[in-house]
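# Results of the structural survey
The primary structure of each chain is shown beneath.
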Amino acid sequence: MGAQGFNDYESGTDVDQAFRAARTRATEEAEDDGVAADRSGTLATKDSYKIVTPTGMPLKKAEALADKMLGGPGDGFWKWDPAGAIPVLAESTAEIGGWVFFGWAAV
């Protein structure tokens, strides 16, 4: 039983809706690939998330922060922990336009 890191962007202002949409997409992609969702190494393995910063940021910066926070079993995002969630600012406004979900998932 191993683990694989993931880092997914989902548009949407509401984190709950974005999480559900991203998780549904990850589950469907795993099933299309013939992989059990609970062992897909993707967001499909997660049933919750935790917001790691209330401050929105550009997508590239959010992805870099997510990568930096994936340090291994002691990072708080290991395969049995909730996914992390980082708000992403829309390119045309200073409002939240999406979310980066990240973590480690069972494979």
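Our subject is the structure listed above.
Overview of the structure.

Rules used in this analysis
Residues numbered from 1 in each chain as written. Predicted model: local features only at pLDDT ≥ 70, side-chain atom pairs only at ≥ 80, totals over all residues. Heavy atoms only, no water. Helix = DSSP H or I, 4+ residues; strand = E, 2+ residues; numbered from the N terminus. Rg over C-alpha atoms; globule rule 2.2 N^0.38 Å. Contact = heavy atoms within 4.5 Å. Areas by Shrake-Rupley, 256 points an atom, 1.4 Å probe, with all protein chains shown as cover. Lys, Arg positive; Asp, Glu negative; His and termini not counted. Charge placed at Lys NZ, Arg CZ, Asp CG, Glu CD. Pairing = 2+ DSSP bridges. Axes fitted to C-alpha atoms, helices over the stretch in contact; angles between N-to-C directions.

Across its full length, the protein carries two helices and four strands. Moving toward the C terminus, one meets the helices and strands of the protein in the order β-α-β-α-β-β. Taking 13 Å as the expected radius of gyration for a compact globule of 107 residues, we find that the protein reaches 13 Å, a close match to that expectation. For the protein, the spread of C-alpha atoms along the principal axes amounts to about 40 × 30 × 20 Å. Residue pairs in contact within the protein that sit at least 24 positions apart in sequence constitute 72% of those at least 6 positions apart. Accessible area for the protein stands at about 5,800 Å²; split by element, carbon and sulfur atoms hold 50% of it. Positive and negative side-chain charges of the protein, numbering 10 and 17 respectively, have mean locations separated by a distance of 7 Å.

Further remarks concern the sheet that holds strand β4 (residues 96-106). Read from one edge to the other, the open sheet built from four strands follows the order β1-β4-β3-β2, with strand pairing classed as mixed. A strand with exactly one partner marks an edge of an open sheet, and here the two such strands are β1 (3-11) and β2 (49-51). Direction aside, the axes of adjacent strands within the sheet are offset by 30° on average. In this structure, β1 lies alongside β4, joined through nine bridges in antiparallel fashion. Its bridge partner lying in β4, F6 is registered against G103. Across the sheet, helix α2 (residues 59-69) touches β1, β3 (83-89) and β4, and the angle it forms with β4 is around 20°.

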